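The residues making up each chain are set out below.
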Amino acid sequence: MTDFKDRERGEEAKFAFDEENAFKIAARRNRLLGEWAAGLMNLTEEETDAYKKAVVQADFEEAGDEDVIRKLLGDLTAADCDVSESDIRAKLEEKAIEARRQLMSES
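These numbers were taken from a predicted model, which means no experiment stands behind them.

1. Remarks on the overall build of the chain
Thought 1: A count of helices and strands for the chain gives 4 helices and 0 strands.
Thought 2: Along its sequence from the N terminus, the chain presents helices and strands in the succession α-α-α-α.
Thought 3: Compactness check: the chain gives a C-alpha radius of gyration of 17 Å against a globular reference of 13 Å for 107 residues, more than 25% above the reference.
Thought 4: Once the C-alpha set of the chain is aligned to its principal axes, its extents read approximately 65 × 25 × 20 Å.
Thought 5: Burial statistics for the chain: of 107 residues in total, 32% are counted as buried.
Thought 6: Look at the contacts in the chain between residues 6 or more apart in sequence, and 56% of them connect residues 24 or more apart.
Thought 7: Accessible surface, the chain: about 7,300 Å² in total, of which carbon and sulfur atoms supply 52%.
Thought 8: Looking at charge distribution, the chain has the averaged site of its 17 positive side-chain charges lying 5 Å from that of its 28 negative ones.

Given below as structure tokens:
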């Protein structure tokens, strides 16, 4: 019975670890996306820092990536940047890979 309990604890620890890493990757990806969008909008360094945080916060509005995509698309459109939703989705995937690599290199 203790083998089963040990295995169960191990699975729970792995699940918690995987969830924590997924959260860290998403937050880093969103900061990278915010930095990319801020560059397109020609924001100052202080504005860029604030914008990156705002993009991370936008991800807490609902499950999935739609809230982040909606924020970026709205902000970039308002700033007269020629960026489509598909451009943002492609950049989201690119930044997710970059975020995962950065996180793995820190470990």
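Next comes the rest of the account.
2. Considering the packing of aromatic side chains
Thought 1: Under the defined criterion, the tally for this structure stands at 1 aromatic pair.
Thought 2: Taking 6.2 Å as the distance between ring centres and 25 degrees as the angle between the ring planes, the aromatic pair formed by phenylalanine 23 and phenylalanine 60 counts as stacked. Residue phenylalanine 23 is located in helix 1 (residues 2-40), and its partner phenylalanine 60 is located in the loop between helix 2 (45-58) and helix 3 (66-78); the two are separated by 37 residues in the primary sequence.

3. Thoughts on unusual backbone geometry
Thought 1: Positive phi outside glycine occurs at asparagine 42, with the angle close to 55 degrees.
Thought 2: For asparagine 42, the position within the fold is in the loop between helix 1 and helix 2.
Thought 3: On the basis of relative accessible area, asparagine 42 is assigned to the exposed category, the value being 67%.

4. Digging into the environment of aspartate 65
Thought 1: By the secondary structure assignment, aspartate 65 is in the loop between helix 2 and helix 3.
Thought 2: Aspartate 65 gets classed as partly exposed once you look at its relative accessible area, which sits at 26%.
Thought 3: Placed 24 residues apart in sequence, aspartate 65 and methionine 41 show a C-alpha to C-alpha distance of 21 Å.
Thought 4: Once residues lying within four places of it in the same chain are set aside, the contact partners of aspartate 65 are Arg29 and Leu92.

5. Describing the environment of glutamate 62
Thought 1: Mapped onto the fold, glutamate 62 is located in the loop between helix 2 and helix 3.
Thought 2: Residues in contact with glutamate 62, not counting those within four places in the same chain, are Asp67 and Arg70.
Thought 3: A distance of 3.0 Å separates polar atoms of two side chains, one belonging to glutamate 62 and the other to arginine 70.

6. Description of the packing of helix 1 against helix 2
Thought 1: As a packed pair, helix 1 and helix 2 sit with axes 8 Å apart at the nearest point and diverge in direction by 135 degrees. Put simply, helix 1 runs oblique to helix 2. Seen from above, helix 1 lies across helix 2 with right-handed handedness. On the side of helix 1, the interface is formed by Ala27, Asn30, Arg31, Gly34, Glu35, Ala37 and Ala38, while helix 2 contributes Thr48, Tyr51, Lys52, Val55 and Val56.
Thought 2: Residues of the contact of helix 1 with helix 2, tallied by class, amount to 6 nonpolar, 3 polar and 3 charged.

Thresholds, definitions, all that
- Residues numbered from 1 in each chain as written.
- Predicted model: local features only at pLDDT ≥ 70, side-chain atom pairs only at ≥ 80, totals over all residues.
- Heavy atoms only, no water.
- Helix = DSSP H or I, 4+ residues; strand = E, 2+ residues; numbered from the N terminus.
- Rg over C-alpha atoms; globule rule 2.2 N^0.38 Å.
- Buried < 20%, exposed > 50% of the residue type's maximum accessible area, 1.4 Å probe, protein only.
- Contact = heavy atoms within 4.5 Å.
- Areas by Shrake-Rupley, 256 points an atom, 1.4 Å probe, with all protein chains shown as cover.
- Lys, Arg positive; Asp, Glu negative; His and termini not counted.
- Charge placed at Lys NZ, Arg CZ, Asp CG, Glu CD.
- Phe/Tyr/Trp six-rings, centres within 6.5 Å; stacked < 30°, edge-to-face > 60°.
- Polar contact = N/O pair within 3.5 Å; in protein donor to acceptor, adjacent residues only side chain to side chain.
- Axes fitted to C-alpha atoms, helices over the stretch in contact; angles between N-to-C directions.
- Parallel < 35°, antiparallel > 145°, perpendicular 65-115°, else oblique.
- Left-handed = near helix turned anticlockwise from the far one by under 90°.
- Nonpolar A, V, L, I, M, F, W, Y, C, P; charged D, E, K, R; others polar.

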